[in-house]
Amino acid sequence: MAPVPDTPTGDWQQQLRDVIRDPVALCRHLALDPAWILGARTGHELFPVRVPLAYLARMRRGDPEDPLLRQVLPLVAESDAVQGFVDDPLEERDHTPRPALIHKYPGRALLIASPTCAINCRYCFRRHFPYADNAPSMNEWEQTLDYLRDDDSIHEAILSGGDPLASPDRRLATLVKRLEAIPHLKRLRIHTRLPVVIPDRVNDALLDWLGGTRLQKVVVLHINHAQEIDEAVIAACERLKAAGVTLLNQSVLLRGVNDDVGALERLSERLFEAGILPYYLHVLDPVAGAAHFDVPDDEARQLMEALRQRLAGFLMPRLVREVPGEKSKTPL
Ligand code: SF4
């Protein structure tokens, strides 16, 4: 097994190639007790390990409770069948009128702009998503764009994935040019974890196409714990803001990661220091393999009440659940 370097090297694409894909290497690098290896191997069979070195560097060695490690460490519990936890918890497969297009909510439509992520988060609601069926050919992309062109009630295009920023800049620049040519589109929203897990992703080429579009730009980051925000992440956020991007964050409430009021308070404070507004705190989508992350609704509400005693209103995320068939997120 090749040794894992301590620090990431190279540009973002090199860092993407260098991600840790071996559960044993992950455990060994973090000096975990070998007892964790069996679970890591079992979970890895269900959903492969993927951890960028820049993210790994923010974890504490020798601590299996580290809140960043908990998000990426496969466990035996992922193989448990738990009632109510299913492969497609949001029933997205019923809302894909064209390849790589999900249209659930009025006014906006979501494009699966990349089938891969830089990191595989164990609780991901798309961990079973059939990306292979949503990798359109050029011709199919044209049909997908036609769908947007033909529906002038759609004002916002959302790039999602996988992680849309895992795509090369040339490809994204072309896609955004075609989107901005659709007159009724006003906004471009990008849901990404890449500026957090590989901050070098926010490079000049990305800022060129993103900063240059006529569309209003919103980047929704996905950060669950204050420890994820280091100086490199803050610098990446500053560059995005300088390009005219509004930065929001959505988190998932996760057992063992951020399920205490102090952790949530520090997260909101740290987000704001980085120029990011705390927007949503999602309860877990009931995806098969992630039941061990679940926090019951009553406990989630109590946490929010305790958080309200500590934070200014603008630092409070909205506690929401995504309910299949509803026209927007459902506040709890
Ligand atoms: S889509 Fe988002 S939550 Fe899911 S694995 Fe990728 S980065 Fe993680």
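Predicted, not measured: the structure shown is a model, and the values here were computed from it. (Residues numbered from 1 in each chain as written. Predicted model: local features only at pLDDT ≥ 70, side-chain atom pairs only at ≥ 80, totals over all residues. Heavy atoms only, no water.)

### Here we look at the layout of surface pockets
How we decide: Using a 1 Å grid laid over the protein atoms alone, points where a 1.4 Å probe fits but cannot get out form a cavity; open sets with protein on both sides within 12 Å along at least 5 of 7 lines form a pocket; any residue with an atom within 4 Å of a point counts as lining. Grid points are joined across faces, edges and corners, and a volume is the space filled by probe spheres set on the points. A run of H or I in DSSP counts as a helix once it spans at least four residues, and a run of E counts as a strand once it spans at least two, with each numbered from the N terminus. Throughout, the ten residues Ala, Val, Leu, Ile, Met, Phe, Trp, Tyr, Cys and Pro are labelled nonpolar, Asp, Glu, Lys and Arg are labelled charged, and all others, Gly among them, are labelled polar.
Here the largest pocket defines a volume of roughly 1,100 Å³. Every residue lining the largest pocket is counted, 46 residues in all, and those nearest its centre are F125, R126, S160, H191 and Q250. Of all the elements in the fold, those that place two or more residues in the lining of the largest pocket are β2 (108–114), β3 (156–161), β4 (187–192), β5 (216–222), β6 (245–252) and β7 (277–282). Taken together, the residues of the lining of the largest pocket sort by class into 22 nonpolar, 12 polar and 12 charged. Roughly 170 Å³ of volume is contained in the second largest pocket. Lining the second largest pocket, in full, are M138, W141, L145, R171, L172, T174, L175 and R178. Secondary-structure elements contributing two or more residues to the lining of the second largest pocket are α6 (138–150) and α7 (169–180).

### So, the nonpolar core
For clarity, the threshold we go by: Remark: nonpolar core denotes a set of buried residues (Ala, Val, Leu, Ile, Met, Phe, Trp, Tyr, Cys) joined through side-chain atoms within 4.5 Å. Exposure classes here rest on a 1.4 Å probe applied to the protein chains alone. A residue is buried below 20% of its type maximum, exposed above 50%, and partly exposed in between. Just so you know, the domain bounds were taken from an automatic or database domain assignment.
One finds L26, V51, M59, L148, L159, L179 and L210 to be the most contacted residues of the largest nonpolar core, which totals 88 residues. Of the residues that make up this core, three or more belong to each of domain 1 (12–79) and domain 2 (92–331). In terms of nonpolar packing, the next biggest core, distinct from the first, is built from 14 residues, L264, A300, L311 and L315 among them.

### Some details on the site of the ligand
Defined as follows: Only heavy atoms are used to decide nearness, and a residue is near a molecule or strand if one of them lies within 4 Å of it. More than half of a molecule's atoms lying within 2 Å of a cavity's or pocket's grid points is what places that molecule inside it.
Around the ligand sit C117, I119, N120, C121, C124, G162, R193 and H222, and those are all the residues in its vicinity. In this structure the site holding the ligand corresponds to the largest pocket. Class assignment of the residues belonging to the shell around the ligand gives a composition of four nonpolar, three polar and one charged.

### Some words on the environment of L264
For clarity, the cut-off: We call two residues in contact whenever any of their non-hydrogen atoms come within 4.5 Å of each other.
One can find L264 in helix α11 (residues 261–273). As for L264 and P317, which are separated by 53 residues in sequence, their C-alpha atoms are 9.5 Å apart. Discounting chain neighbours no more than four positions away, the residues touching L264 are L253, N258, L281, L303 and L307.

### Some points on the packing of α7 against helix α9 (residues 204–212)
For clarity, the cut-off: Interaxial angle, 0 to 180 degrees, is taken between N-to-C directions of lines fitted to C-alpha atoms, where a helix line uses only the stretch in contact. Our angle categories are set so that under 35 degrees counts as roughly parallel, over 145 as roughly antiparallel, 65 to 115 as roughly perpendicular, and the remainder as oblique.
Look at α7 against α9: their axes get within 10 Å of each other, and the N-to-C directions meet at 0°. Viewed along their axes, α7 and α9 adopt a mutual orientation that is roughly parallel. On the side of α7, the interface is formed by D169, L172, A173 and V176, while α9 contributes A205, L206 and W209. For the contact of α7 with α9, a count of residues per class yields six nonpolar, no polar and one charged.

### Observations concerning the packing of α11 against helix α12 (residues 297–308)
In plain terms, the rule: The sense of a crossing depends on the near helix, which, turned anticlockwise from the far helix by less than a right angle, makes the crossing left-handed and, turned clockwise, makes it right-handed.
One can describe the packing of α11 onto α12 by two numbers: an axis separation of 9 Å at closest approach and a directional angle of 55°. If you check the angle between α11 and α12, you find them oblique. At the point where α11 passes α12, the crossing takes the right-handed sense. Along the contact surface, α11 presents V261, L264 and E265, while α12 presents L303, A306 and L307.

### Examining the domain arrangement of the protein
To keep it simple, the criterion reads: Defined here as a combined quantity, buried area equals the accessible surface (1.4 Å probe) lost by two parts on assembly, summed across both. By definition, a salt bridge exists where a carboxyl oxygen of Asp or Glu is found within 4 Å of a side-chain nitrogen of Lys or Arg. Side-chain atoms alone can form a polar contact between residues adjacent in sequence; in general such a contact is a pair of N or O atoms within 3.5 Å, and within protein one must be able to donate a hydrogen while the other accepts it.
Domains assigned within the protein are domain 1 (12–79) and domain 2 (92–331). Using C-alpha coordinates to define each centre, domain 1 is positioned 23 Å away from domain 2. The junction of domain 1 with domain 2 conceals about 2,600 Å² of combined surface from both sides, 56% of it contributed by carbon and sulfur atoms. Summed over the three residues of domain 1 that lose the most area to domain 2, namely W12, F47 and Q71, the buried surface amounts to 32% of that side. Connecting domain 1 to domain 2 are three salt bridges. Where domain 1 packs against domain 2, one counts 21 residue pairs in polar contact (both at pLDDT 80 or more). Listing elements by their share of the side of domain 1 that touches domain 2, those giving two or more residues are α1 (12–17), α3 (35–46), α4 (53–56) and α5 (69–72). It is α1 that contributes the most residues to the side of domain 1 that touches domain 2, four residues altogether.

### What about the pattern of salt bridges?
Within this structure, the stated rule accounts for 24 salt bridges. Residue D230 is joined to R58 by a salt bridge in which the shortest nitrogen-to-oxygen separation is 3.2 Å. Of this pair, D230 sits in the loop between β5 and α10 (231–242) while R58 sits in the loop between α4 and α5, and the two are 172 residues apart along the sequence. Relative accessible area serves as the criterion here: at 24%, D230 is assigned to the partly exposed category. When its relative accessible area of 10% is taken as the criterion, R58 is described as buried. A salt bridge links E299 to R255, with the nearest nitrogen and oxygen atoms 2.8 Å apart. Within this pair, whereas E299 is found in helix α12, its partner R255 is found in the loop between β6 and α11, the two being separated by 44 residues in sequence. With relative accessibility at 27%, the residue E299 sits in the partly exposed group.

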